[in-house]
Amino acid sequence: MRWNKKALATVVTCALATTSFAASAATTLKLSHNQDRNHPVHKSMQFMADQVKEYTDGEVRIRIYPNGQLGTQRESMELLQNGALQIAKSNASEMESFEPAYGAFNIPYIFRDRDHYYRAMTGEVGEKILAASHDKGFVGLTYYDAGSRSFYANKPINSPEDLKGLKIRVQPSPTAVEMIKLMGGSPTPLAYGELYTALQQGVVDGAENNPTALTNSRHGEVSKVYSQDEHTMIPDVLVISSASWDKLPKDQQVAIKKAAKESMMFHKELWTEMTEEAVKKAQDSMSVKFVSVEKQPFVDAVKPMHDAALNNPAIAEYVSGIDALATN
C-alpha cells in the first residue's frame, strides 16, 4: 500500500510525538535513513548521536529510524521540508533536485582520487555546499563516503568503445544518463530493486555501482567482471531542517556540527573495511574478476560535462573550487 504525502506526514508526525515526559526537557531530533543497522552509515550516525549527547550533556538527543521506516529518501526529504522530521540522510544524486549545488558532486571524474574527494568534503567548498540550501528548508551537516562507482557486466569495460551497444542500468538521474550516452552506451534508468533480475534476464547488460553491490545485493552472481574505472564518487549527505537548526542555541549547533564532522571520519574507516571485505568476498566466493582500466579515455569522453558545469552559474563556483584542490 502506498501512502500519499499528506497521510504519510500525518502518520509520521503522530508516531514521532510519543516522547516520554521524562525526556521532555531534552531536545529530541528524529533522523531517518534507508540502510539497516549493520551498515556503516547507520553505525556512523549512531556514533554522531552518542557524541551529540555527550557534547550537550544530554540536552540534545538524536533518535535514529533506519530501514526506511519513515519513507524513502525522497519522502524523508519532503517530510523534513514540511516540518514532520528533523534530520534525514540522502545522497548527492537525489539532493540535486532539492538544491542544485549538490550537482557538482555528480560530474564524472570531478574527483581525481579518494584523497581529492576528502579534501573537498572537509574543506571550504564542501562546507559552502552544505550551507547553500538554508532557504530551501534544510542545512547540510556532513558527508558520508559511499565509495567510487565503476562498471560491472559479463565482459571487461576497458574503454568507452566497450560500452557501445550495451544497455547500462543507471540511477534515474539526468547526469548519469548523459554520462553513459557520452561514453557510448545505452543508459537504462531502472529501480535498484529490479536490477538483479534485469541483469539475470538480459534486460540490461551491465550496471555501475561500488563493489558492495556485488555482495550486498548479490549482483556478483550475475555479473562476473568489475571494471574499475571509478567514474564517480557521489557522497551520502546528512541534512537537518532549517527550522530545527535555527531553533537550536549556538552552542548546541556547534556541538552537533563537531559530532557530525567526527562521524564522517569515523565512517571513512568503516567504509574502507567494508569495501575491502566486499572485494575479497566477490573474488573468493562469487568468482568475480576485478579489472584495472586506463581512466583517461573515459575522462576524455565526458569532458563536455565538465566544461558545461564550469559554465553553469548554479555550480560553476563549486566545480572550480573542487578542481583547485586536485594535485597532479
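Given the structure is predicted, the values throughout are model-derived calculations rather than measurements.

Next up on the list: the sheet that holds strand β2 (residues 60-65). Spatially, five strands are ordered β2-β1-β3-β10-β4 in an open sheet, and the strand pairing comes out mixed. A single partner strand is all that each edge strand has here, and the edge strands are β2 and β4 (138-144). Between one strand axis and the next, the sheet turns through 25° on average, direction left out of account. Where β4 lies against strand β10 (residues 236-241), six bridges are found, and the strand directions are antiparallel. When the bridges of β10 are listed, F138 appears paired with S241.

Right, let's get into the environment of N154. With respect to the helices, strands and loops of the structure, N154 is situated in the loop between β5 (149-153) and β6 (167-170). Separated by 75 residues in sequence, N154 and D229 place their C-alpha atoms 15 Å apart. Contacts of N154, omitting those with residues within four sequence positions, involve D205, V222, S223, K224 and V225. A distance of 3.1 Å separates a polar atom in the side chain of N154 from the backbone oxygen of V222. Reaching out from N154, the side chain makes a polar contact with the backbone nitrogen of K224 at a distance of 3.0 Å.

Tallied over the full model, the rule gives nine aromatic pairs. A centroid spacing of 6.2 Å and a plane angle of 15° characterise the contact between Y152 and Y226, whose relative ring orientation is stacked. One end of the pair, Y152, is in strand β5; the other, Y226, is in strand β9 (residues 225-232), with 74 residues separating them in the sequence. Across the pair, Y226 and Y152 agree in class, each one buried. Grouping aromatic residues by their ring pairs yields a cluster made of Y102, F105, F111, Y117, Y118 and Y143. Seen from the ring of Y196, R218 lies directly overhead, with NZ or CZ sitting 4.6 Å from the centre. The lysine or arginine in question, K268, covers the ring of Y118, its NZ or CZ lying 4.4 Å from the ring centre.

Okay, the layout of surface pockets next. In this structure, the largest pocket occupies an estimated 1,400 Å³ of space. Residue lining of the largest pocket: 44 residues in total, with N34, Q35, N91, Q171 and Y192 positioned closest to the centre. Listed by contribution, the elements that provide at least two residues to the lining of the largest pocket are α2 (40-55), α3 (73-82), β3 (87-91), α4 (92-95), α8 (195-201), α9 (212-216) and α11 (250-286). In terms of residues, the lining of the largest pocket owes the most to one element, α11, which gives five residues. Among the residues making up the lining of the largest pocket, the classes are represented as 14 nonpolar, 19 polar and 11 charged.

Turning next to empty space enclosed by the protein. Enumeration over the complete set of coordinates arrives at two cavities of 30 Å³ or more. Considered as a void within the structure, the largest cavity measures approximately 90 Å³ in volume. Lining the largest cavity are S93, N106, P108, R149, Q171, S173, T175, A176, M179, E208, T232 and I234. Here the lining of the largest cavity takes three residues from helix α7 (residues 174-183), the largest share from any one element. By volume, the second largest cavity amounts to about 30 Å³. The wall of the second largest cavity is formed by I107, Y109, I110, F111, E230, H231, T232 and M233.

What follows deals with the packing of helix α5 (residues 114-122) against α11. Between two packed helices, what matters for the description is the angle formed by their axes and the separation of those axes. Axis separation between α5 and α11 bottoms out at 12 Å; the angle between their running directions is 160°. By the criterion of interaxial angle, the relationship of α5 to α11 is roughly antiparallel. At the point where α5 passes α11, the crossing takes the right-handed sense. Within the contact between the two elements, α5 uses R114, Y118, M121 and T122 and α11 uses M264, M265, K268, W271 and T272. In terms of residue class, the contact of α5 with α11 is built from five nonpolar, two polar and two charged.

So, how was this worked out
- Residues numbered from 1 in each chain as written.
- Predicted model: local features only at pLDDT ≥ 70, side-chain atom pairs only at ≥ 80, totals over all residues.
- Heavy atoms only, no water.
- Pairing = 2+ DSSP bridges.
- Helix = DSSP H or I, 4+ residues; strand = E, 2+ residues; numbered from the N terminus.
- Axes fitted to C-alpha atoms, helices over the stretch in contact; angles between N-to-C directions.
- Contact = heavy atoms within 4.5 Å.
- Polar contact = N/O pair within 3.5 Å; in protein donor to acceptor, adjacent residues only side chain to side chain.
- Phe/Tyr/Trp six-rings, centres within 6.5 Å; stacked < 30°, edge-to-face > 60°.
- Buried < 20%, exposed > 50% of the residue type's maximum accessible area, 1.4 Å probe, protein only.
- Lys NZ or Arg CZ within 6 Å of the ring centre and 35° of its normal.
- 1 Å grid on protein atoms, 1.4 Å probe; cavity = no way out; pocket = protein on both sides within 12 Å on 5 of 7 lines; lining within 4 Å.
- Points joined across faces, edges and corners; volume = space filled by probe spheres on them.
- Nonpolar A, V, L, I, M, F, W, Y, C, P; charged D, E, K, R; others polar.
- Parallel < 35°, antiparallel > 145°, perpendicular 65-115°, else oblique.
- Left-handed = near helix turned anticlockwise from the far one by under 90°.

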